[in-house]
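Fold and contact review
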Amino acid sequence: VGLAMSEWVLDGIPHSLNADFCELDVRRFHESVAGSNEWCTERALEGYAKEYSVKYPGEEWEAGRGRALRPAPLSRLHAQAGAVFGHVGVAGHERPLYFDPELPKGGGDFYPSQFWSREELGFDRRACPWVDQVEREHRACREGVVLIDMSSFGKFVVQGDGCHAAMQWCTSSLISDDWRTSGAVQYTQMLNQRGGIESDMTFMAQPGSVDGFYVVTGAGSATRDMDHVAETAFNKGIKNVKIREVTDDIAVLAVAGPGSRSVLEEMVLGGQPLDSGSFPFSTWQSIQLQGPGMEESVQVKAVRISYVCLLYTSPSPRDS
């Protein structure tokens, strides 16, 4: 660890040991938690107490939980549906691990107070309460259609005259000059100076901007990835690169599964086609949606990209 720390200070990255030091990177902490003395104190005390304890697979930390530091747009609905929440690393998010139909409903509160008393863990997964529920959710996604709240994904925009050059240096993808006007979406890797992978991400042209990129990365990676882009731009002498986090400004809902297209076709207004010819994979479009119970329609940026059958991920303002 001492060698890694010295190389980090001198060279900007540990390199001699050929090991992954991501879990020691201070940039894993989001400012929403790192800026809270109360959260840091509670987490440090629990970490010390658990240092030599036996930990169950999937065991959640209790310190700093339930404060809803960065609640998702649908958190109340999740709680009312019996969600068992889990924290997302040290990013300040709480998101459903699974839904327990027997869990007392949250009654509108974001975080059910029954969480820890209901979460019974063990080393035999068959004895854990989440196995059957997760299997049902898995089959629903594989055989039907599901709605997944992915708003906790890290999101940021890269703007300025130097944004194209900065993204070109940071990612493994070749970005053509006209790429931002093509409606393309790119899943790629962010690389370090040695060609190693720092993270994987998806990016597209920033909606409504002619000189920006909208980037989606892991829920706990936004701070580190933004810093990596900024550091790369500085080291390469790339000027006028502006980076801004928008994770808490934009909601992301994924409609996934074989039935995803049929569901959206019933909601899309104006007869906008969603077939593969009109809406190819790895592209995005603006669509207007209105479904049962919606008094007004809402415009979303629909993105077709996923490992799970058809997927339309819709980044839109949180309040929509």
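As a reminder, the structure under discussion sits directly above these lines.
Only a predicted model underlies this, so the values are computations on that prediction, with no experimental measurement involved. (Residues numbered from 1 in each chain as written. Predicted model: local features only at pLDDT ≥ 70, side-chain atom pairs only at ≥ 80, totals over all residues. Heavy atoms only, no water.)

Moving on: the overall build of the protein. Helix and strand content of the protein: nine helices and twelve strands. When burial is assessed residue by residue, the protein has 43% of its 320 residues classed as buried. Considering only residue pairs separated by 6 or more positions, the protein has 59% of its internal contacts joining residues 24 or more positions apart. Roughly 17,300 Å² of accessible area belongs to the protein as shown, and the carbon and sulfur atoms make up 54% of that amount. (Helix = DSSP H or I, 4+ residues; strand = E, 2+ residues; numbered from the N terminus. Buried < 20%, exposed > 50% of the residue type's maximum accessible area, 1.4 Å probe, protein only. Contact = heavy atoms within 4.5 Å. Areas by Shrake-Rupley, 256 points an atom, 1.4 Å probe, with all protein chains shown as cover.)

Time to look at the pattern of salt bridges. If the charged atoms of two oppositely charged side chains come close together, the side chains can form a pair. Tallied over the entire structure, the rule returns six salt bridges. Between Asp 25 and Arg 27 there is a salt bridge, and its shortest N-O distance comes to 2.7 Å. Residue Asp 25 is classed as buried on the basis of its relative accessible area of 6%. Notably, a salt bridge pairs Asp 227 with Arg 27, separated by 2.8 Å at the nearest N-O pair. Of this pair, Asp 227 sits in helix H8 (residues 222-235) while Arg 27 sits in the loop between helix H1 (2-11) and helix H2 (31-34), and the two are 200 residues apart along the sequence. Judged by its relative accessible area of 19%, Arg 27 falls in the buried class. Because the salt bridges share partners, they merge into one network encompassing Asp 25, Arg 27 and Asp 227. (Salt bridge = Lys/Arg side-chain N within 4 Å of Asp/Glu carboxyl O.)

Taken as a whole, this structure holds two aromatic pairs when the rule is applied. Both rings, one in Phe 29 and one in Trp 39, keep their centres 6.4 Å apart while their planes meet at 80°; by these two values the pair is edge-to-face. Taken together, the positions of Phe 29 in the loop between H1 and H2 and Trp 39 in helix H3 (residues 37-49) put the pair ten residues apart, joining distant regions of the chain. For Phe 29, a relative accessible area of 25% corresponds to the partly exposed category. Of the residues examined, Trp 39 reaches a relative accessible area of 4% and is grouped as buried. Taking 5.8 Å as the distance between ring centres and 80° as the angle between the ring planes, the aromatic pair formed by Phe 203 and Phe 213 counts as edge-to-face. Of the two residues, Phe 203 sits in strand S6 (residues 197-205) while Phe 213 sits in strand S7 (residues 213-217), which places them ten residues apart along the sequence. Accessibility expressed as a relative area gives 1% for Phe 203, which makes it buried. Its end group placed over the ring of Trp 169, Lys 236 keeps NZ or CZ at 4.1 Å from the ring centre. (Phe/Tyr/Trp six-rings, centres within 6.5 Å; stacked < 30°, edge-to-face > 60°. Lys NZ or Arg CZ within 6 Å of the ring centre and 35° of its normal.)

Ranked by internal contacts, the top residues of the largest apolar core, which has 31 residues, are Val 158, Phe 213, Tyr 214 and Val 215. Of all the secondary structure elements, the ones that give two or more residues to this core are strand S4 (154-159), helix H7 (163-170), strand S5 (185-191), S6, S7, H8 and strand S9 (250-256). Dropping the residues within four chain positions of it, Val 215 is found in contact with Gly 154, Lys 155, Phe 156, Val 158, Met 167, Met 201, Thr 202 and Phe 203. Judged by nonpolar contacts, the second largest core, of ten residues, contains Val 255, Leu 274, Phe 279 and Leu 289. (Core = buried A, V, L, I, M, F, W, Y, C linked by side-chain atoms within 4.5 Å.)

The next point concerns the sheet that holds strand S8 (residues 242-245). The five strands lie next to each other as S5-S6-S7-S4-S8, forming an open sheet whose pairing is antiparallel. Only two strands of the sheet have a single neighbouring strand rather than two, namely S5 and S8. On average, adjacent strands in this sheet sit at an angle of 30° to one another, irrespective of strand direction. Two elements, S6 and S7, share four bridges in a ladder whose sense is antiparallel. When the sheet's bridge partners are listed, Ala 205 is paired in S7 with Phe 213. Sheet strands touched by H7: S4, S5, S6 and S7. Its angle to S7, the strand with the most contacts, is close to 30°. Contacts between H8 and the sheet are confined to S4, S5, S6, S7 and S8, with S8 contributing the most and set at about 175° to the helix. (Pairing = 2+ DSSP bridges. Axes fitted to C-alpha atoms, helices over the stretch in contact; angles between N-to-C directions.)

Relative to the helices and strands, Arg 142 resides in helix H6 (residues 130-143). As for Arg 142 and Pro 258, which are separated by 116 residues in sequence, their C-alpha atoms are 7.1 Å apart.

This part is about H6. Given a rise of 1.5 Å per residue, 14 residues ought to cover 20 Å, and the 20 Å separating the end C-alpha atoms of H6 matches this to within 8%. What H6 keeps buried is the set Val 131, Gln 133 and Cys 141. Each buried residue of H6 sits inside an arc of 165° when the element is viewed along its axis, so together they form one side. Seen from the open side of H6, the exposed residues pointing more than 90 degrees away from its buried face are Arg 136 and Glu 143. (Expected span 1.5 Å × (residues − 1). Arc of directions from axis to C-beta.)

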